[in-house]
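Geometric and topological summary
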Amino acid sequence: MTSSMSDPAISLETPVRAPSAVPVDDAVIPFEVSELDLRGRLTRLGPALDQLLVRHDYPAPVAKLLGEAIVLTTLLGSSLKFEGRFILQTQTDGPVSFLIVDFRAPAQLRAYARFDKARLGDAPDSGALLGRGHLAMTIDQGPDMSRYQGLVALEGGSLEDAAHEYFLRSEQIPTRVRLAVGEEWRRDGNGPKRGWRGGGMLLQFLPKAPERARQADLDPGDAPDGNALHTVAEDDAWVEGQSLIATVEDIELIDPDLSGERLLYRLFHERGVRVFPPQALHAQCSCSRDAVEAMLKSFAPQDRSEMVKDGKVAVTCEFCSSVYEFTPQEAGVE
């Protein structure tokens, strides 16, 4: 899925410069560490993430989990080379039973979570909030193209765990992901101000020789007792890459005063890191009055009749909470 990440032409004469000290929010920065055959993307989210989360007034644990899903979606969806959609969705038996993040390439994000407030106190971490079920990642290339969907089981682990499992089983690309979301408190002219911030990094090992990226065969689960599991020694370059991304702290990923370029330089300056132009991101729902009206007219006449309350039909968008009101005639009620 992410192996289709754009691969800009690189000149050997590309000038070397100091990493920018200016933080850029709501953007994805592609990067490359050619000496280690590593490629990746770094996401930094500020106002866009805050806008997606506060419009629903989620409890903090739910907002944090949905924020992590949004960050993961930007890391994966930003690799699309066409103006399609990347949709991340979970369905589980946990307190947060449903998450969906819809990324419309190249920059548009919307998201929504469904949860049981009474059960939130029993979930100590994101894995417990999710519970057991599945994570689906769908690439929609448009009405004239087939969809691609990958599924991975959720068994009480985090979204980072699920991403690693997906790449191991489906893409078979050595991959590591880091996700972080937190609330920021700052004082401005109007007093203390709170806002959500998020950050993430995806790192992949993509050597020119495929055998260098070989991974151990998956555990068949039914091998006789005593059989040794298949193992493959990891390439030294990938061992180093994993060690480096493991040192990234949550605060570094969301720090509003630390630029993404400086963070990448901290990690990879000894090997040399090349960054590419950032890809902007913004929160924007794709709903519209015309789309909602068309959706209403797709229902059976009896269903439309039952939607009339106080002489009107009102529809609320689950993503952005926009309310669309129609007369019975506009909604096609006979």
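So, a few notes on the structure that sits alongside this text. Residue numbers run consecutively from 1 along every chain, following the written order of its sequence. It should be noted that, the model being predicted, local features are given only for residues of pLDDT at least 70 and side-chain atom pairs only at 80 or more, the latter also being counted only at that level, while totals for whole chains, interfaces and linings use all residues. Processing note: side-chain calculations cover all non-hydrogen atoms of the structure and skip hydrogens and water entirely.

Some points on the packing of helix α1 (residues 47–54) against helix α2 (residues 60–77)
For clarity, the threshold we go by: To define axes, lines are fitted to C-alpha atoms, for helices over the stretch in contact only, and angles between the resulting N-to-C directions are given on a 0 to 180 degree scale. Segments assigned H or I by DSSP are reported as helices when at least four residues long, segments assigned E as strands when at least two residues long, and all are numbered from the N terminus. Roughly parallel covers angles under 35 degrees, roughly antiparallel covers those over 145, roughly perpendicular covers 65 to 115, and oblique covers all other angles. Helix crossings get a hand from a simple test, with the near helix turned counterclockwise from the far one by less than a right angle marking a left-handed crossing and a clockwise turn marking a right-handed one. Every residue pair with non-hydrogen atoms within 4.5 Å of one another is taken to be in contact. Gly counts as polar in this scheme, as do all residues outside two lists: the nonpolar Ala, Val, Leu, Ile, Met, Phe, Trp, Tyr, Cys and Pro, and the charged Asp, Glu, Lys and Arg.
Contact pair α1 / α2: the axes reach a minimum separation of 10 Å and the direction vectors enclose 130 degrees. What the angle tells us is that α1 and α2 run oblique. By crossing handedness, the relation of α1 to α2 is classed as right-handed. When α1 is examined against α2, the residues L49, L52 and L53 are found in contact with a partner set consisting of A63, L66, G67 and I70. When grouped by side-chain class, the residues that make up the contact of α1 with α2 number six nonpolar, one polar and no charged.

Concerning the pattern of salt bridges
Worth spelling out the cut-off: Each salt bridge in this description consists of a side-chain nitrogen of Lys or Arg and a carboxyl oxygen of Asp or Glu lying within 4 Å of one another. Residue burial is assigned from relative accessible area. The probe radius is 1.4 Å, only protein chains are included, and a residue is buried under 20% of its type maximum, exposed over 50%, and partly exposed in between.
Considering all chains together, one arrives at 20 salt bridges under this definition. The salt bridge involving E35 is made with R271; its shortest N-O contact spans 2.6 Å. Linking E35 in the loop between β1 (27–33) and β2 (38–45) with R271 in the loop between α7 (260–268) and β10 (274–275), this pair joins segments that are 236 residues apart in sequence. A relative accessible area of 48% means that E35 is categorised as partly exposed.

Quick notes on the sheet that holds strand β5 (residues 108–115)
The condition that has to hold: Two strands form a pair only when DSSP identifies at least two bridges running between them.
One open sheet accounts for six strands, arranged β7-β6-β3-β4-β5-β12; its pairing is mixed. Of all strands in the sheet, those bounded by a partner on one side alone are β7 (148–155) and β12 (282–283). Examined bridge by bridge, β5 and β12 share two bridges and lie parallel to one another. Considered in β12, the bridge of L109 is made with A283. Seen against the sheet, helix α4 (residues 159–171) touches β6 (132–140) and β7 and runs at an angle of roughly 130 degrees to β7.

Notes on the side chain of D102
Relative to the helices and strands, D102 resides in strand β4 (residues 96–104). Discounting chain neighbours no more than four positions away, the residues touching D102 are R85, F86, I87, Q108, L109 and R110.

Points about the side chain of T73
This is how the line gets drawn: Under the rule applied, a polar contact is a pair of N or O atoms within 3.5 Å (in protein, one hydrogen donor and one hydrogen acceptor; residues adjacent in sequence only if both atoms are side-chain atoms).
Among the structural elements, T73 can be located in helix α2. In this structure T73 comes out as buried when scored by relative accessible area, which is 0%. A polar contact of 2.8 Å, which involves the side chain of T73, links it to the backbone oxygen of A69. Excluding residues that lie within four positions of it along the chain, T73 makes contacts with S78, F86, L88, V101 and F103.

Thoughts on unusual backbone geometry
With omega at 10 degrees, the peptide bond leading from A105 into P106 counts as cis. Checked against the element boundaries, P106 lands in the loop between β4 and β5. Its identity is not glycine, yet Q172 carries a phi of approximately 55 degrees, on the positive side. Looking at the element boundaries, Q172 is found in the loop between α4 and β8 (175–188). What makes Q172 exposed here is its relative accessible area of 55%. Of note in the backbone geometry, S321 takes a positive phi value of approximately 70 degrees without being a glycine. As for its position among the elements, S321 is in the loop between β13 (313–316) and β14 (323–326).

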